[in-house]
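Residue-level structure breakdown
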Amino acid sequence: MALITTWADKGQSGKSTLVASAAYRFGWPVVNLDPHRDIERWAQRLQHPCHYPETVADARRVLADMASKPTPVLVDTPHGVGEDVFEALRLSSVVVMPTGPGEPARAALVRALDALHEHAPQAKVAVFLNNFRSNVTDHQNVDASLILYGAKRGFTYLGNLGNAAPVERILSAGADPMKSGATAHQMRRILTTLETLI
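Residues numbered from 1 in each chain as written. Predicted model: local features only at pLDDT ≥ 70, side-chain atom pairs only at ≥ 80, totals over all residues. Heavy atoms only, no water.

**Regarding the packing of aromatic side chains**
Heads up, the rule is: Two rings from Phe, Tyr or Trp (for Trp, the six-membered ring) form a pair when their centres sit within 6.5 Å of each other. Planes less than 30 degrees apart are called stacked, planes more than 60 degrees apart edge-to-face, and all others tilted. For each residue, the accessible area found with a 1.4 Å probe, counting protein chains only, is set against the maximum for its type, and the residue is called buried under 20%, exposed over 50%, and partly exposed in between. Note on criteria: charge over ring means Lys NZ or Arg CZ within 6 Å of the ring centre, with the direction from the centre no more than 35 degrees off the ring normal.
Counted under the stated rule, the structure contains 2 aromatic pairs. Taking 5.9 Å as the distance between ring centres and 70° as the angle between the ring planes, the aromatic pair formed by Tyr149 and Phe155 counts as edge-to-face. By relative accessible area, which is 7% here, Phe155 ends up buried. Positioned above the aromatic ring of Tyr52, the side-chain terminus of Arg37 is 3.6 Å from the ring centre.

**Thoughts on helix 1 (residues 15-26)**
Stated formally: For helices the rule is a DSSP run of H or I covering at least 4 residues; for strands it is a run of E covering at least 2, with both sets numbered from the N terminus onward. Helices are assigned an expected span. That span is 1.5 Å times one less than the residue count.
Spanning 12 residues, helix 1 covers 16 Å between terminal C-alpha atoms, matching the ideal 16 Å at 1.5 Å per step. In terms of residue burial, helix 1 counts as a mostly covered element, since 9 of its 12 residues are buried. The complete set of buried residues in helix 1 reads Lys15, Ser16, Thr17, Leu18, Val19, Ala20, Ser21, Ala22 and Ala23. Gly27 sits one or two positions beyond helix 1 and adopts a positive phi of about 75°.

So this is what it looks like as structure tokens:
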């Protein structure tokens, strides 16, 4: 079926939050390549299927096995690159990349899009804007420009997410992150659009 990999060139971008939210909403299993193991701890609390390959060889085997499953599988990666990340990208049907409203985050997005073109030309690419503040004009401009930039660079813009922290707290408590608040509404919209790419 589909490997859906979250990947970014920098940390603290919202990758794991998106994976946990999608896993919770859709029940899709998770492969955790991130050594911080945030997803693995969340999955253990909720008894959600999560695979944590210990070596690159193990990651290759698990990813190849998961890519052949009939249901979508979410892959959480560390920021940056490594052999296991490249393998996940190579096998992915969809790659989701979070970005922030600041210039360094947007520059990292451009680098990541270039790397994806080289390492995962088969993948559909989706981007969402994290740490969005609707009352900040620059953030509104970035939000609007990502729609246009997506058309130019060939990615789907999933939308914006105000702050992943409330979603992370809700997930940590084992509750449904899609139930309440503006951030939950934004995450539902992002996941609904993501589902159409599979």
